[in-house]
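Overview (structure and organization)
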Amino acid sequence: MGIADQFKDKAQELAEQAKKNTGEKKGEPRGRTSAASERARDKARDAAQGARDRYDDES
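Right, let's walk through the structure included here. (Residues numbered from 1 in each chain as written. Predicted model: local features only at pLDDT ≥ 70, side-chain atom pairs only at ≥ 80, totals over all residues. Heavy atoms only, no water.)

**Concerning the overall build of the chain**
Helix and strand content of the chain: two helices and zero strands. Taking all 59 residues of the chain together, 17% fall into the buried category. Total accessible area on the chain stands at roughly 4,800 Å², and carbon and sulfur atoms take up 47% of it. (Helix = DSSP H or I, 4+ residues; strand = E, 2+ residues; numbered from the N terminus. Buried < 20%, exposed > 50% of the residue type's maximum accessible area, 1.4 Å probe, protein only. Areas by Shrake-Rupley, 256 points an atom, 1.4 Å probe, with all protein chains shown as cover.)

**With respect to the pattern of salt bridges**
Scanning the model with the defined rule gives two salt bridges in all. Salt-bridge contacts for glutamate 13 lead to lysine 10; the nearest nitrogen and oxygen are separated by 3.5 Å. Of the two residues, glutamate 13 and lysine 10 both sit in helix α1 (residues 3-21), three residues apart, roughly one turn of that helix. On the basis of relative accessibility, which here comes to 43%, the residue glutamate 13 falls in the partly exposed class. Under the relative-accessibility criterion, lysine 10 is labelled partly exposed at 42%. With a shortest N-O distance of 3.1 Å, aspartate 42 and arginine 45 are connected by a salt bridge. (Salt bridge = Lys/Arg side-chain N within 4 Å of Asp/Glu carboxyl O.)

This is the structure in structure tokens:
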């Protein structure tokens with residue numbers, strides 16, 4: 001398994017975790033939880049894309 005695949009898997013794992021955690025935090029407004037979840041997904045996607053870009057540059 002290449003590094004790019006590892007980053008992709010980790011990004012997917014983080015996105016799934018963020019999706020799962022959405023709505024589980026009681027007492028927080030829905031919008032705040034949703035925004036945090038969206039930021040986590042964006043960070044995971046950015047990390048995966050960065051890994052793919054670095055891997056492609058090395059090839």
